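This is what each chain is made of:
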Amino acid sequence: MRIDIVTIFPEFFRVLDVSLLGRARTAGLLDVRAHDLRDHAHDRHRTVDDTPYGGGAGMVMKPEPWGEALDGILDEAEGAGETVPTLIVPSPAGEPFTQAIAAELAQLDHLVFACGRYEGIDQRVVDHYEERMPVRLLSLGDYVLNGGEVAAMAMIEAVGRLVPGVVGNPESLVEESHEDGLLEYPSYTKPQVWRGLEVPDVLRSGNHGAVAAWRHEQRIERTRRVRPDLLGDDDA
Ligand SMILES: COc1ccc(Cn2ccc3ccc(-c4cc(N)[nH]n4)cc32)cc1
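Being a predicted model, the structure only gives us computed values, none of them experimental.

Novice: For the side chain of Thr86, give the residues involved together with the corresponding values.
Specialist: As for its position among the elements, Thr86 is in strand E5 (residues 86–96). When near neighbours in sequence (up to four residues on either side) are disregarded, Thr86 contacts Leu108, His110, Leu111, Val112, Met133, Pro134 and Arg136.

Novice: Which residues make up the UniProt feature "binding site: S-adenosyl-L-methionine" (unreviewed entry) in the chain, and what values do they have?
Specialist: Sequence positions flagged by UniProt for "binding site: S-adenosyl-L-methionine" (unreviewed entry) are, in local numbering, Gly116, Leu140, Gly141, Asp142, Tyr143, Val144 and Leu145. Taken from the residues named earlier, the lining of the largest pocket is made up of Gly116, Leu140, Gly141, Tyr143, Val144 and Leu145. Position of Asp142 relative to the elements: it lies in the loop between strand E7 (135–139) and helix H5 (149–160). Relative to the helices and strands, Val144 resides in the loop between E7 and H5. Taking relative accessible area as the criterion, Val144 reaches 71% and is therefore assigned exposed.

Novice: Can you tell me about helix H2 (residues 63–79), naming the residues and giving the values?
Specialist: Given a rise of 1.5 Å per residue, 17 residues ought to cover 24 Å, and the 23 Å separating the end C-alpha atoms of H2 matches this to within 8%. Residues of H2 that are buried in the fold lie against strand E1 (2–7), strand E2 (31–36), strand E4 (60–61), E5, strand E6 (110–114) and helix H4 (123–129). At the exit of H2 stands Gly81, carrying a positive phi of roughly 70°.

Novice: With reference to specific residues and values, describe the layout of surface pockets.
Specialist: Size it by volume and the largest pocket reaches roughly 540 Å³. Lining the largest pocket we find 25 residues, and of these Pro90, Ser91, Pro92, Glu119 and Gly120 sit closest to its centre. Only E5, H4 and E7 provide two or more residues apiece to the lining of the largest pocket. Top element by residues in the lining of the largest pocket is E5. It accounts for five residues. Considered class by class, the residues forming the lining of the largest pocket number 14 nonpolar, nine polar and two charged. Estimated volume of the second largest pocket: approximately 290 Å³. Residue lining of the second largest pocket: 15 residues in total, with Phe97, Thr98, Gln99, His178 and Arg227 positioned closest to the centre. Counting only elements with at least two residues in the lining of the second largest pocket, the list comes to E5 and helix H3 (99–105).

Novice: So what's going on with the sheet that holds E2? Which residues, and what values?
Specialist: Taken in spatial order, the five strands of this open sheet run E2-E1-E6-E5-E7, and their pairing is parallel. Looking at the sheet topology across the chains shown, the edges are occupied by E2 and E7. Direction aside, the axes of adjacent strands within the sheet are offset by 30° on average. Inspection of the sheet shows E1 paired to E6 by five bridges, in the parallel sense. In the sheet register, Val6 faces E6, and the bridge partner there is Ala114. Where H5 meets the sheet, it contacts E1, E5, E6 and E7, and its direction lies at approximately 160° from that of E6.

Novice: Can you explain the pattern of salt bridges? Please cite residues and give values.
Specialist: Scanning all chains against the criterion turns up 19 salt bridges. Between Arg46 and Asp36 there is a salt bridge; the shortest N-O distance is 3.8 Å. With Arg46 in the loop between E2 and strand E3 (49–50) and Asp36 in strand E2, this pair connects stretches of sequence that are 10 residues apart. Accessibility expressed as a relative area gives 33% for Arg46, which makes it partly exposed. On the basis of relative accessibility, which here comes to 16%, the residue Asp36 falls in the buried class.

What counts and how
Residues numbered from 1 in each chain as written. Predicted model: local features only at pLDDT ≥ 70, side-chain atom pairs only at ≥ 80, totals over all residues. Heavy atoms only, no water. Helix = DSSP H or I, 4+ residues; strand = E, 2+ residues; numbered from the N terminus. Contact = heavy atoms within 4.5 Å. UniProt positions renumbered as here; feature names shortened; annotations may be inferred. 1 Å grid on protein atoms, 1.4 Å probe; cavity = no way out; pocket = protein on both sides within 12 Å on 5 of 7 lines; lining within 4 Å. Buried < 20%, exposed > 50% of the residue type's maximum accessible area, 1.4 Å probe, protein only. Expected span 1.5 Å × (residues − 1). Points joined across faces, edges and corners; volume = space filled by probe spheres on them. Nonpolar A, V, L, I, M, F, W, Y, C, P; charged D, E, K, R; others polar. Pairing = 2+ DSSP bridges. Axes fitted to C-alpha atoms, helices over the stretch in contact; angles between N-to-C directions. Salt bridge = Lys/Arg side-chain N within 4 Å of Asp/Glu carboxyl O.

The structure is reproduced here in structure tokens:
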């Protein structure tokens with residue numbers, strides 16, 4: 001999977017060079033490239049923002065630098081005969097990002113993240129590129145960040161780890177929180193007793209059926225307690 005990120009803070013994504021996604025990049029499973037939006041602002045101050053039409057506080061990101069940056073990525077993909085990438089625009093006004101969306105995006109060959117700042121990106125950028133490629137406005141949650149970078153990083157990690165081969169043991173992706181609509185079961189490791197707290201006996205019983213049943217019940221109980229909204233009416 002190829003991932004392009006357009007941002008005024010490309011250095012923010014250097015962290016992707018380490019950890020799980022770093023190994024995936026080295027293995028050629030993920031090709032992640034950050035682009036500096038200011039490279040596409042050609043005035044002396046490399047200006048990417050301006051005052052909003054209609055007035056109001058704050059600044060809005062100018063469309064021209066975005067057009068040049070995104071055209072460059074699109075033209076390269078088209079020139080290489082690749083499938084048209086999907087444009088992901090993190091936004092407080094977006095569709096809630098979920099594990100299901102992460103799984104859907106993990107099937108694609110090429111994602112482009114447009115990380116806005118200030119009060120957002122001129123609407124005409126989304127309107128224009130909706131004519132050329134799939135565009136998804138996605139929200140990380142019902143709170144306001146200062147820009148799209150943190151949201152993009154979270155989405156890239158959630159999607160990247162689902163790309164086949166990125167996670168060493170694919171079995172570890174099964175029965176994760178939200179993977180099938182339930183939260184994950186509680187986990188334990190050695191020592192058997194820690195500060196007077198014991199590992200549940202069933203987990204040391206060697207009875208795999210009993211362990212599986214206990215874990216499933218724990219998932220339902222935890223989901224009912226913490227996230228009843230994830231359960232259907234008859235399960236809540
Ligand atoms: C009009 O109100 C505002 C609009 C934008 C902003 C700051 N900002 C600029 C670009 C950008 C991209 C994503 C997000 C974001 C995403 C989630 N889930 N929370 N916040 C925030 C962003 C502040 C206020």
